[in-house]
Amino acid sequence: MEQPQDSPAINPLGLTFTNRFTRDLPADTNNENLRREVSGACFSRVQPAATSGPRLVAYSHEVAEMLGITDEQAASKEFVQMFSGNLVTGDMDPFAMCYGGHQFGNWAGQLGDGRAIALGEVATPNDGHLTLQLKGSGPTPYSRRGDGLAVMRSSVREFLCSEAMFHLGVPTTRALSLTLTGDMVMRDMFYDGNPGDELGAIVCRVAPSFLRFGNYQLFPSRGEIDELKTLVDWTIRTDFAHLAQGDGEQNLAVVTAWFEEVVRTTAEMVVQWMRVGFVHGVMNTDNMSILGLTIDYGPYGWLEGFDPDWTPNTTDAGGRRYRYGNQPSIAHWNLVQLANAIAPLFDDDIEPLQAALDTYPNEFGSGWNAMMAERLGFLGFAGDADNELFGELGRVLQLIETDMTIFHRNLALVDAENADDLDDADLVRPIADAWYVDPTPSVEAEMATWLRTWADRVTVDKRTAIERQLAMHAVNPKYVLRNWMAQLAIDRVDNGDFAGVSELLELLRNPYDDQPEHEAAFFTKRPEWARERAGCSMLSCSS
């Protein structure tokens with residue numbers, strides 16, 4: 001593909017590029033955009049590929065505002081050209097990051113940004129810094145056998161889910177815009193030897209940093225300890241400035257404090273995934289943000305029927321390594337790999353790293369207990385009896401296919417104050433919409449037994465029913481981005497109708513609100529047509 005031409009340094013959207021990453025860190029000395037091993041460098045400079053006919057599908061008003069971009073600017077030709085990779089101004093310094101990682105538990109060596117090119121870093125109106133990254137903008141030295149492009153179906157999913165997660169209160173990277181490129185991209189969606197042309201697309205992703213665990217893993221795997229130290233020190237000074245001691249090298253006490261914070265924020269992120277029923281699908285170490293943000297929305301999914309063993313990733317269908325219930329332990333495993341990577345900085349004394357790792361079970365456990373107590377309407381976690389109640393709920397929810405989102409949302413409507421006076425059918429009625437089939441009498445009885453135990457516990461806190469309902473609805477969303485919802489929007493884009501993406505984005509901006517006008521369409525169990533349809537049940541990485 002033809003490369004876009006540099007433009008004068010004047011930025012038409014008024015963005016101020018600071019480019020700290022490329023200014024301060026070691027660069028690839030080879031500027032050829034050829035697939036290769038890159039040593040001793042944090043990044044390679046590379047230009048996004050030109051697109052033939054970009055069209056804006058949707059953009060996030062909130063992210064634009066963070067960047068100081070007005071709605072008028074977002075409607076401009078310059079906006080579309082810039083965030084499709086066609087307009088590279090002289091103040092930008094586009095790059096692809098170099099990193100490695102463990103994939104499905106095995107060391108994969110060099111990986112890197114194979115289909116993502118950062119335009120650079122910008123200063124924000126509130127004195128912050130954000131990196132603008134185009135996913136699907138062409139090949140880089142790290143593309144291996146890929147073409148560096150992305151297709152519309154995966155790009156719609158990434159754009160919507162980035163913003164949906166933010167509004168749910170889950171730590172995440174953001175998405176500014178979604179554009180169609182005007183070019184077709186060949187993909188073998190089912191990996192069955194039958195590739196076909198699909199619409200090409202680009203998402204502009206936004207985050208303070210896109211550094212991953214894998215950035216820190218690659219250097220020591222090659223014995224490049226000086227480069228590792230440079231990257232760790234830079235990370236602390238820029239993204240963890242509250243921990244930094246001066247503008248130079250950071251001592252080991254500071255590095256330890258940094259790692260402790262990474263452990264904590266990673267645990268907090270996974271707690272929030274579990275709360276909303278999100279399954280990342282591919283928790284490789286190169287997909288783990290050093291800032292504790294959800295990153296790389298590929299074959300993700302949302303629990304429909306509650307099943308701790310469910311994974312949305314077809315590649316993981318056999319081992320189910322990244323299944324919903326395994327996410328907390330995988331995050332811990334990934335943190336161990338990060339600790340191993342930075343251990344050379346500590347010489348022979350890795351005790352501080354082990355001590356930091358040892359805090360993870362408590363960080364996750366206390367976060368989980370507090371989160372579950374909130375979800376169930378308790379004022380706080382009360383110990384072993386509550387844990388027993390949580391465990392029993394997990395068992396009862398699996399007796400029959402039960403929609404996780406609907407169950408937790410409607411639990412607040414159960415009449416806890418009169419639970420002992422109601423028969424089983426009347427007691428379970430508020431949560432009955434969560435069942436995919438009619439329950440047997442024994443299932444109904446077991447759910448009613450759990451509800452009465454829950455009612456005894458929840459009424460101890462002396463909240464009124466309305467106080468409890470408001471508190472529970474504030475943490476149990478009514479609307480999440482179920483895969484079949486995204487597929488409906490994708491189908492419309494396939495037919496030239498972009499409105500479905502914007503309508504879903506607007507719905508997901510207020511996931512805790514009732515929005516009665518959307519209940520029939522979106523506060524509902526997975527339709528039968530979506531049970532086995534590609535893109536709605538399990539997904540591949542073929543973006």
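Quantities reported herein were computed from a predicted structural model and do not represent experimental measurements.

**What to know about the environment of Gly 223**
For Gly 223, the position within the fold is in the loop between helix 6 (213-221) and helix 7 (225-239). Residue classification places Gly 223 among the exposed residues on the basis of a relative accessible area of 54%. Along the backbone, Gly 223 and Gly 40 are 183 residues apart, and their C-alpha atoms lie at a distance of 9.7 Å.

**Let's talk about the state of the cysteines**
Two cysteines, two sulfur atoms, one covalent bond between them: this is a disulfide. Going through the model one piece at a time under the given rule, you end up with 0 disulfides. With no disulfide of its own, Cys 42 lies 8.0 Å from the sulfur of Cys 98, the closest cysteine sulfur. Residue class for Cys 42 comes out buried when judged on its relative accessible area of 4%. The structure places no disulfide on Cys 204, whose sulfur is separated from the nearest cysteine sulfur, that of Cys 161, by 17 Å.

**Things to note about the packing of aromatic side chains**
Taken as a whole and judged by the stated rule, the model has 22 aromatic pairs. Here Trp 273 and Phe 278 contribute two aromatic rings whose centre-to-centre distance is 5.6 Å and whose plane-to-plane angle is 65°, an arrangement assigned as edge-to-face. Given a relative accessible area of 1%, Trp 273 falls into the buried group. Owing to a relative accessible area of 0%, Phe 278 belongs among the buried residues under this scheme. Taking the centre distance of 6.2 Å and the plane angle of 25° together, the rings of Phe 364 and Trp 368 count as stacked. Here the residue Phe 364 and the residue Trp 368 both occupy positions in helix 11 (residues 360-375), the gap between them amounting to 4 residues, near one helical turn. An aromatic cluster is defined as three or more aromatic residues linked by ring pairs; in this entry it consists of Trp 273, Phe 278, Tyr 297, Tyr 300 and Trp 302. Lying across the ring of Phe 166, Arg 174 places its NZ or CZ 3.5 Å from the centre.

**Considerations on the environment of Val 46**
With respect to the helices and strands, the residue Val 46 is situated in the loop between strand 3 (43-45) and strand 4 (55-59). Once the C-alpha coordinates of Val 46 and Pro 94 are considered, the two residues, 48 residues apart in sequence, prove to be 5.8 Å apart. In this structure Val 46 touches Asn 33, Pro 94, Phe 95, Ala 96, Ile 117, Pro 139 and Thr 140, once residues within four positions along its chain are discounted.

**Here we look at the packing of helix 6 against helix 9 (residues 327-342)**
The N-to-C vectors of helix 6 and helix 9 enclose an angle of 40°; their axes lie 8 Å apart at closest approach. It follows that helix 6 is oblique to helix 9 by the angle criterion. The two elements helix 6 and helix 9 cross, and the hand of that crossing is left-handed. Contact residues: Phe 213, Tyr 216, Gln 217 and Pro 220 in helix 6; Asn 334, Leu 335, Gln 337, Leu 338, Ala 341 and Ile 342 in helix 9. Residue classes in the contact of helix 6 with helix 9 are distributed as 7 nonpolar, 3 polar and no charged.

**Structural notes on the pattern of salt bridges**
On inspection of all chains with the given rule, the structure shows 36 salt bridges. Two residues, Glu 446 and Arg 395, come together in a salt bridge whose shortest N-O distance is 2.5 Å. Of this pair, Glu 446 sits in helix 15 (residues 441-458) while Arg 395 sits in helix 12 (residues 384-397), placing them 51 residues apart in sequence. What makes Glu 446 partly exposed here is its relative accessible area of 30%. Judged by its relative accessible area of 36%, Arg 395 falls in the partly exposed class. For the salt bridge of Arg 409 with Asp 514, the shortest nitrogen-to-oxygen distance reads 3.1 Å.

**Regarding the side chain of Asp 296**
Considering the arrangement of structural elements, one finds Asp 296 in the loop between strand 13 (278-279) and strand 14 (301-302). Only 2.7 Å separates the side chain of Asp 296 from the side chain of Arg 212, close enough to count as a polar contact. Discounting residues that sit within four places of it in the chain, Asp 296 has contacts with Glu 158, Arg 205, Arg 212, His 280, Asp 286 and Asn 287.

**Let's talk about unusual backbone geometry**
Although it is not a glycine, Phe 104 sits at a positive phi angle of roughly 55°. Along the chain, Phe 104 falls in the loop between strand 7 (100-103) and strand 8 (106-110). Relative accessible area serves as the criterion here: at 28%, Phe 104 is assigned to the partly exposed category.

**Examining the nonpolar core**
Inside soluble globular proteins, nonpolar side chains tend to come together where they are buried. Counting 134 residues, the largest nonpolar core has Trp 258 and Trp 454 as its most contacted members. It is helix 8 (residues 252-276) that contributes the most residues to this core, 13 residues altogether. When near neighbours in sequence (up to four residues on either side) are disregarded, Trp 258 contacts Tyr 216, Val 232, Thr 235, Ile 236, Phe 240, Leu 243, Ile 290 and Ile 342. Core analysis: the second largest hydrophobic core is formed by 24 residues, Tyr 59, Leu 67, Ala 74 and Leu 134 among them.

**Notes on the pairing of strand 11 (residues 174-187)**
Counting buried residues along strand 11, 11 of its 14 residues qualify, which places the element largely inside the surrounding structure. Where strand 4 lies against strand 11, 4 bridges are found, and the strand directions are antiparallel. Within strand 11, the position partnered with Leu 56 by the bridge is Thr 179. Examined bridge by bridge, strand 11 and strand 12 (residues 196-207) share 10 bridges and lie antiparallel to one another. Across the sheet, the residue bridging to Arg 187 is Gly 196, located in strand 12.

**Looking at the side chain of Thr 235**
Mapped onto the secondary structure, Thr 235 falls in helix 7. With residues up to four places along the chain from it excluded, the contact list for Thr 235 reads Leu 211, Tyr 216, Phe 240 and Trp 258.

**Notes on helix 16 (residues 465-473)**
Among the residues of helix 16, those classed as buried are Arg 468, Met 472 and His 473. Along the long axis of helix 16, the arc covered by the buried residues comes to 125°, so they all point the same way. Helix 16 presents Ile 466 and Leu 470 as exposed residues on the side facing more than 90 degrees away from its buried surface. Summarising the contacts, the buried residues of helix 16 are in contact with helix 11, helix 13 (404-411) and helix 15.

**A few points about helix 6**
Judged by how many residues are buried, helix 6 sits mostly within the fold: 7 of 9 residues are covered. Burial in helix 6 covers these residues: Phe 213, Gly 214, Asn 215, Tyr 216, Gln 217, Leu 218 and Phe 219. Count one or two residues on from helix 6 and you reach Gly 223, which has phi positive near 75°.

Conventions we followed
- Residues numbered from 1 in each chain as written.
- Predicted model: local features only at pLDDT ≥ 70, side-chain atom pairs only at ≥ 80, totals over all residues.
- Heavy atoms only, no water.
- Helix = DSSP H or I, 4+ residues; strand = E, 2+ residues; numbered from the N terminus.
- Buried < 20%, exposed > 50% of the residue type's maximum accessible area, 1.4 Å probe, protein only.
- Disulfide = S-S within 2.5 Å.
- Phe/Tyr/Trp six-rings, centres within 6.5 Å; stacked < 30°, edge-to-face > 60°.
- Lys NZ or Arg CZ within 6 Å of the ring centre and 35° of its normal.
- Contact = heavy atoms within 4.5 Å.
- Axes fitted to C-alpha atoms, helices over the stretch in contact; angles between N-to-C directions.
- Parallel < 35°, antiparallel > 145°, perpendicular 65-115°, else oblique.
- Left-handed = near helix turned anticlockwise from the far one by under 90°.
- Nonpolar A, V, L, I, M, F, W, Y, C, P; charged D, E, K, R; others polar.
- Salt bridge = Lys/Arg side-chain N within 4 Å of Asp/Glu carboxyl O.
- Polar contact = N/O pair within 3.5 Å; in protein donor to acceptor, adjacent residues only side chain to side chain.
- Core = buried A, V, L, I, M, F, W, Y, C linked by side-chain atoms within 4.5 Å.
- Pairing = 2+ DSSP bridges.
- Arc of directions from axis to C-beta.

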